[in-house]
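Listed below, chain by chain, are the residues.
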Protein chains: 2
Amino acid sequence: MEGMIKCSANYVPLTPISFLERSAIVYRDRVSVIYGDVKYTWKETHERCIRLASALAHLGISPGDVVAALAPNIPAMYELHFGVPMAGAVLCTLNVRHDSSMVSVLLKHSEAKLVFVDYQFLSIAQGALEILQETKTKLPLLVLISECGQPAPISSPGILEYESLLATGKLDFEVRWPKDEWDPISLNYTSGTTSSPKGVIYSHRGAYLNSFAAILLNEMSSMPVYLWCVPMFHCNGWCLTWAVAAQGGTNVCQRNVTAKDIFENIAQHKVTHLGGAPTVLNMIINASARDRKPLPGKVSVMTGGAPPPSHVLFKMEELGFHVIHAYGLTETYGPGTVCTWKPEWASLPRESQAKIKARQGVQHLGLEELDIKDPVTMKTVPADAKTMGEVMFRGNTVMNGYLKNLKATKDAFSGGWFRSGDLGVKHPDGYIELKDRSKDIIISGGENISSIEVESVLFSHPAVLEAAIVGRPDDYWGETPCAFVKLKDGCNEDSEELIKFCRDHLPHYMAPRTVVFQELPKTSTGKVQKFVLKEKAKAMGSIPKGNISKL
Amino acid sequence: MEGMIKCSANYVPLTPISFLERSAIVYRDRVSVIYGDVKYTWKETHERCIRLASALAHLGISPGDVVAALAPNIPAMYELHFGVPMAGAVLCTLNVRHDSSMVSVLLKHSEAKLVFVDYQFLSIAQGALEILQETKTKLPLLVLISECGQPAPISSPGILEYESLLATGKLDFEVRWPKDEWDPISLNYTSGTTSSPKGVIYSHRGAYLNSFAAILLNEMSSMPVYLWCVPMFHCNGWCLTWAVAAQGGTNVCQRNVTAKDIFENIAQHKVTHLGGAPTVLNMIINASARDRKPLPGKVSVMTGGAPPPSHVLFKMEELGFHVIHAYGLTETYGPGTVCTWKPEWASLPRESQAKIKARQGVQHLGLEELDIKDPVTMKTVPADAKTMGEVMFRGNTVMNGYLKNLKATKDAFSGGWFRSGDLGVKHPDGYIELKDRSKDIIISGGENISSIEVESVLFSHPAVLEAAIVGRPDDYWGETPCAFVKLKDGCNEDSEELIKFCRDHLPHYMAPRTVVFQELPKTSTGKVQKFVLKEKAKAMGSIPKGNISKL
């Protein structure tokens with residue numbers, strides 16, 4: 001059409017930087033970040049991020065450079081989510097549970113020019129740098145983040161310190177806006193439920209749009225108070241680092257996630273929203289009476305990472321929390337679906353409600369399409385709640401690709417959809433339900449056994465605190481389910497009891513034949529590391545044929 | 001960064017069409033549209049829009065073609081907002097208050113290939129086509145929209161009918177997605193507070209982003225019930241045609257906007273949101289006791305077009321409505337700013353609250369920047385609540401330009417900002433307040449008089465229902481304020497009384513010297529057509545010099 005002009009008046013690349021710029025005006029005097037006694041307003045956070053970007057530029061960080069961070073949910077980590085992109089750089093947040101060896105691998109792979117390190121993780125980072133030095137890799141500059149509001153605990157003359165660095169930044173720094181909204185904003189290494197992390201690239205556009213979707217699926221109105229339990233290094237805190245800025249909310253930071261701190265922060269700061277894997281929910285419902293505090297109002301909790309077991313849901317809601325179940329992967333910027341709640345479900349029996357809420361649901365507003373497809377034919381499976389297929393995504397909130405791994409990117413996008421590797425079914429109402437990771441499914445005597453289904457039965461046993469099912473080699477059946485279980489304090493149920501319970505509630509072939517009692521190995525986001533358990537089950541050796549009658 | 005691939009898995013042009021596609025899954029069985037006894041679900045609305053798009057394609061409508069509509073807020077009008085873009089075409093909604101002559105001008109200018117016409121406006125449209133025929137312009141195809149759920153009142157063999165046309169559409173039609181999200185989705189002619197309408201081009205991208213912003217600024221959670229008082233032909237219903245679909249809401253349509261219907265619909269359908277110019281608010285607060293009904297719950301009302309007078313705000317809130325004040329222009333897709341309410345304001349005196357709420361506020365989340373600038377130097381005016389400047393916008397929710405009027409587009413965007421033509425001030429807290437349209441300001445003896453300020457004083461007089469101030473030529477002062485006033489039923493205050501009231505509440509030079517009692521001429525969106533009043537004031541002739549002492 002004639003008469004159109006594309007210019008700065010009507011076209012701006014989409015980026016979360018805009019959220020901060022706007023909040024510095026609209027919410028200027030509202031509290032942006034709280035951490036213990038430390039408090040900032042949005043005006044201050046904006047200024048600190050500008051200074052940070054300016055200081056990074058002064059250190060020689062150029063557009064497109066990677067800047068890494070190894071830190072828990074502290075104010076500096078929040079500021080990095082804006083300051084680094086404002087310098088035109090790409091933020092690579094590292095999991096604080098990694099050891100020096102893994103950190104060195106990721107620093108090398110990402111070619112980070114600089115790494116911000118919280119003082120608690122300094123020795124890990126220094127260990128990583130030593131490894132890099134041995135391999136003659138060019139070392140990233142290290143910036144130490146001291147405890148907020150306290151003097152730097154270590155005075156190494158060669159180490160830059162975060163607050164001192166900020167002080168060198170200029171307020172008149174010209175923000176380096178992305179030239180193209182498709183440009184990378186962050187790099188998230190997959191969290192390691194498998195043993196080979198991949199560098200997932202997020203764009204400014206995707207981050208902007210997923211933040212919008214996150215606002216809506218968290219049911220966040222203006223000026224929420226968000227309690228940080230989800231690590232910011234995981235999918236940039238499910239994009240809420242940016243989304244909370246968009247709504248002018250208050251970020252309540254905490255270094256460690258404990259039930260006591262959660263309840264205390266909720267009461268003290270009138271928290272309206274928080275998020276966490278089901279393990280965080282577990283922590284909340286199992287809190288001692290001494291640690292609990294009454295909620296000051298409605299508190300919405302978004303959970304994801306694994307479907308919330310029904311007894312966890314019941315207890316959360318008894319305590320007054322409103323639970324929202326979302327699902328996604330690092331590759332979908334965190335949440336890609338949400339189990340949108342329909343008012344008519346409120347009149348269903350409690351058990352049915354819990355079953356519905358455990359579904360992964362439907363795509364959120366930022367995602368274009370969600371489907372369950374046959375991974376070979378790419379045909380949509382029937383919406384019969386039975387036929388399994390692979391969960392696939394399509395839309396602007398799917399990653400740009402895997403850093404330096406074009407083959408993996410091509411594989412993930414083959415057929416024009418992002419292949420999640422998760423298996424699920426579609427219900428007649430269009431809601432999807434996860435059955436398993438493709439690699440976690442147990443094939444026993446030709447039957448597919450969903451580890452999630454067996455786990456959910458175990459979870460419903462009153463003595464079980466945590467449970468995970470993997471396949472154990474079996475001479476006759478190929479493999480059979482093997483349960484790893486952590487009992488609640490004071491419980492001492494044995495294998496026989498738990499196996500009988502499963503056989504009472506499941507087809508017999510699905511019941512575990514082995515039960516191991518132990519702590520479950522987890523990623524920092526609370527996901528069970530099944531590959532560790534699989535190796536252990538394998539190491540236990542094959543179950544001999546003589547035992548067939550039990551099935 | 002190496003490893004990235006842009007493909008259908010991770011890149012989709014932003015378009016409101018996605019909202020409908022998603023709601024047809026997520027909200028499939030929820031009511032999408034209600035009109036009297038007619039009800040559709042989202043699944044049905046989706047199917048009807050696919051059929052509509054298919055039928056349009058079959059009639060030869062090609063991507064980029066303009067399809068016009070002349071209809072009130074009826075279900076077909078809602079469907080056109082999706083069906084026309086799904087055929088790749090551009091929707092041009094026409095103001096139903098236009099006469100045949102204006103309709104013919106707009107049909108010709110837009111080169112509409114087809115025009116949908118509601119049966120009530122058939123003679124207007126036919127009149128327009130006759131004019132076009134005389135000028136030997138190629139005529140658009142006319143499609144008649146009969147009253148929903150009733151047989152077609154007219155059986156002209158040459159005229160296509162909406163429902164019959166839909167019946168010819170195919171459900172397997174392949175939706176024509178925009179190739180580029182910058183492609184036009186709709187054409188909105190400016191509503192005529194000036195006498196020369198311009199065709200404002202909206203893009204799929206802008207419509208998508210402004211819809212997101214509209215959801216947030218209307219404080220719409222999932223599944224709202226929206227009562228249509230804002231004409232859909234005005235800025236595509238402030239983008240709520242699309243936004244309500246995004247949230248799976250229910251659209252309560254009404255052919256005419258009356259106080260009785262508003263209260264009845266609210267009660268019957270449990271309306272949660274509505275919108276309207278201050279005239280609609282006026283209608284609500286002045287409803288007779290017989291027409292009023294108690295509200296079934298919280299009802300949010302977004303108002304814009306003119307600042308809501310404080311007594312109107314008070315009465316609305318007494319009735320239980322929650323008023324949100326937004327501001328924008330056709331060129332900003334409707335609302336571009338919102339007076340974001342801060343909790344601490346709730347403890348201010350009522351009058352102060354009303355004054356704050358009458359401000360136009362701050363940019364919404366979809367708009368990049370809002371500023372008050374000196375139109376010559378482009379410098380930001382001081383945030384002192386006093387220095388006037390031109391309101392300017394920048395961001396993705398600013399129009400693509402004016403159709404076939406590159407010069408006007410260039411002028412509007414000169415300096416890299418959209419120049420609104422509105423004059424305002426910025427308060428120290430960053431909120432803007434409108435003072436006047438640049439062309440409506442009255443210059444009296446060298447002093448600028450804001451017509452809005454004088455009007456707000458008149459509005460606070462208990463007898464005044466409506467008031468507008470324009471300049472009248474004055475031999476001594478150049479011009480002086482002339483008031484056009486409509487009194488409430490049963491009131492008979494005279495000029496002397498109103499002028500005295502103004503002099504008691506304003507500097508004397510700002511008080512009107514002439515008061516004319518009459519109905520105010522308005523656009524269909526309730527905006528007073530000041531150019532009509534200005535001509536009338538001019539025709540009244542100059543006030544002679546002898547009368548100076550009164551000032």
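Fair warning: this is a prediction, and the values are worked out from it, not measured in the lab.

Draft legend 1. Structural view of the relation of the copies chain A and chain B. For the pair chain A and chain B, the superposition axis carries a translation of 0.0 Å, the fit reaches an RMSD of 0.1 Å, and the rotation angle comes to 180°. Both chain copies can therefore be described as sitting about a two-fold axis. For chain A, the residue whose C-alpha comes nearest the rotation axis is Phe 212 of chain A, separated from it by 3.9 Å. Most of the interface of chain A is mirrored in chain B, where 100% of its interface residues are also at the interface.

Draft legend 2. Region of interest: the pattern of salt bridges. This structure, assessed with the given rule, holds 54 salt bridges over all chains. A salt bridge links Asp 118 of chain B to Arg 255 of chain B; the shortest N-O distance between them is 2.7 Å. With Asp 118 of chain B in strand 5 (residues 114-118) and Arg 255 of chain B in the loop between strand 11 (250-252) and helix 10 (259-269), this residue pair connects regions lying 137 residues apart in the sequence. The exposure class assigned to Asp 118 of chain B is buried, which follows from its relative accessible area of 0%. Notably, a salt bridge pairs Arg 255 of chain B with Glu 147 of chain B, separated by 3.0 Å at the nearest N-O pair. Of this pair, Arg 255 of chain B sits in the loop between strand 11 and helix 10 while Glu 147 of chain B sits in the loop between strand 6 (141-145) and strand 7 (160-161), placing them 108 residues apart in sequence. In this structure, a network of salt bridges that share partners links the residues Glu 181 and Arg 205 of chain A together with Glu 181 and Arg 205 of chain B.

Draft legend 3. Representation of the interface of chain A and chain B within the structure. Contact residues are listed per partner, giving 74 residues for chain A and 74 residues for chain B. The three residues of chain A that bury the most area against chain B are Met 1, Trp 182 and Leu 365 of chain A, which together make up 12% of that side's buried surface. There are four salt bridges connecting chain A and chain B. Put simply, Glu 344 of chain B and Arg 30 of chain A hold a salt bridge, and the shortest N to O gap is 3.1 Å. Run the count over chain A and chain B and you get 32 residue pairs in polar contact (both at pLDDT 80 or more). Elements represented by at least two residues in the side of chain A that touches chain B include exactly helix 1 (17-26), helix 7 (204-217), strand 16 (362-363), strand 18 (389-395), strand 19 (401-402) and helix 14 (406-413) of chain A.

Draft legend 4. Region of interest: the sheet that holds strand 18 (residues 389-395) of chain B. Residue and element names in this part refer to chain B. Read across the open sheet, the four strands follow the order 17-18-20-21; overall the sheet is antiparallel. The open sheet has two free edges, formed respectively by strand 17 (367-373) and strand 21 (432-437), since each of these has just one partner strand. Neighbour to neighbour, the strand axes of the sheet diverge by 45° on average, direction disregarded. Where strand 20 (residues 418-426) and strand 21 come together, five bridges link them in antiparallel fashion. Looking across to strand 21, one finds that Lys 426 is bridged to Ile 432.

Draft legend 5. Seen up close, the side chain of Ser 32 of chain A. All names here are of chain A. Among the secondary structure elements, Ser 32 is positioned in strand 1 (residues 31-35). Reaching out from Ser 32, the side chain makes a polar contact with the backbone oxygen of Thr 41 at a distance of 3.1 Å. Within polar-contact distance, the side chain of Ser 32 engages the side chain of Thr 45 at 2.6 Å. Beyond its immediate chain neighbours, meaning those up to four positions away, Ser 32 contacts Tyr 40, Thr 41, Trp 42, Thr 45, Gly 249, Thr 250 and Asn 251.

Draft legend 6. Quick peek at the packing of helix 1 (residues 17-26) of chain B against helix 3 (residues 75-86) of chain B. Residue and element names in this part refer to chain B. In the contact formed by helix 1 and helix 3, the axes pass within 9 Å of each other and the chain directions differ by 110°. For the element pair helix 1 / helix 3, the angle class is roughly perpendicular. The hand of the helix 1/helix 3 crossing is left-handed. Here Ile 17, Leu 20 and Glu 21 of helix 1 come into contact with helix 3, specifically with Phe 82, Pro 85 and Met 86. Broken down by class, the residue content of the contact of helix 1 with helix 3 amounts to five nonpolar, no polar and one charged.

Draft legend 7. Highlighting the domain arrangement of chain A. Here chain A is described as being made up of domain 1 (14-256) and domain 2 (441-550). For domain 1 of chain A and domain 2 of chain A, the distance between their C-alpha centroids amounts to 39 Å.

Draft legend 8. Representation of the environment of Tyr 402 of chain A within the structure. Residue and element names in this part refer to chain A. With respect to the helices and strands, Tyr 402 occurs in strand 19. Since its relative accessible area comes to 5%, Tyr 402 is described here as buried. It is 26 Å that separates the C-alpha atoms of Tyr 402 and Pro 521, two residues lying 119 residues apart in sequence. Within polar-contact distance, the side chain of Tyr 402 engages the side chain of Glu 331 at 2.6 Å.

Draft legend 9. Summary view of the packing of aromatic side chains. Applying the stated criterion to the full structure yields 33 aromatic pairs over all chains. Between Phe 116 of chain A and Tyr 162 of chain A, the ring centres sit 5.8 Å apart and the planes meet at 80°, which makes this aromatic pair edge-to-face. Here Phe 116 of chain A, found in strand 5 (residues 114-118), pairs with Tyr 162 of chain A, found in helix 6 (residues 162-168); they are 46 residues apart in sequence, far enough to count as distant. Tyr 162 of chain A matches Phe 116 of chain A in its accessibility class, with the two residues each being buried. Between Phe 212 of chain A and Phe 212 of chain B, the aromatic rings sit 4.7 Å apart at their centres with planes inclined by 5°, giving stacked as the arrangement. In this pair, Phe 212 of chain A sits in helix 7 while Phe 212 of chain B sits in helix 7 (residues 204-217), so the two residues belong to two different chains. Across the pair, Phe 212 of chain B and Phe 212 of chain A agree in class, each one buried. Joined through ring pairs, the aromatic side chains of Phe 19, Tyr 208 and Phe 212 of chain A together with Phe 19, Tyr 208 and Phe 212 of chain B make up one cluster. Over the ring of Tyr 402 of chain A we find Lys 198 of chain A, and its NZ or CZ is 5.0 Å from the ring centre. Above the face of the Trp 417 of chain A ring, Lys 373 of chain A is positioned so that its terminal group lies 4.6 Å from the ring centre.

The rules behind the values
The written sequence of each chain sets the order in which its residues are numbered from 1. Here every chain gets a letter starting at A, and every ligand a number starting at 1, in the order they are written. At least 70 in pLDDT is required for a residue's local features to be given in this predicted model, at least 80 for side-chain atom pairs to be given and counted, and no such filter applies to totals for whole chains, interfaces and linings, which use all residues. Heavy atoms throughout the structure, all of them, feed into the side-chain values; hydrogens and water do not. The superposition of copies rests on a least-squares fit of C-alpha positions from residues with pLDDT of 70 or more in both. Whether two residues are in contact is decided by their heavy atoms: any pair within 4.5 Å suffices. Salt bridge, as applied in this entry: a Lys or Arg side-chain nitrogen positioned within 4 Å of an Asp or Glu carboxyl oxygen. For helices the rule is a DSSP run of H or I covering at least 4 residues; for strands it is a run of E covering at least 2, with both sets numbered from the N terminus onward. Throughout this description, buried means an accessible area under 20% of the type-specific maximum (1.4 Å probe, protein chains only), exposed means over 50%, and partly exposed covers the range between. When two components associate, each loses some accessible surface as probed by a 1.4 Å sphere; the sum of these losses over both components is called the buried area. In protein, a polar contact requires one atom able to donate a hydrogen and another able to accept it; more generally it is a pair of N or O atoms within 3.5 Å, and residues adjacent in sequence count only if both atoms are side-chain atoms. By definition, two strands form a pair when at least two bridges between them are found by DSSP. Under this scheme, a helix contributes an axis fitted over its contacting stretch, all axes are lines through C-alpha atoms, and angles between N-to-C directions fall in the 0 to 180 degree range. Working definition: roughly parallel below 35 degrees, roughly antiparallel above 145 degrees, roughly perpendicular at 65 to 115 degrees, and oblique for all remaining angles. Handedness of a helix crossing follows the sense of rotation of the near helix relative to the far helix, less than a right angle counterclockwise being left-handed and clockwise being right-handed. Gly is placed with the polar residues, together with every amino acid not listed as nonpolar (Ala, Val, Leu, Ile, Met, Phe, Trp, Tyr, Cys and Pro) or charged (Asp, Glu, Lys and Arg). Each domain's extent is set by a domain assignment, obtained either automatically or from a database. Two rings from Phe, Tyr or Trp (for Trp, the six-membered ring) form a pair when their centres sit within 6.5 Å of each other. Planes less than 30 degrees apart are called stacked, planes more than 60 degrees apart edge-to-face, and all others tilted. Any Lys NZ or Arg CZ found within 6 Å of a ring centre and within 35 degrees of that ring's normal is scored as a charge over the ring.

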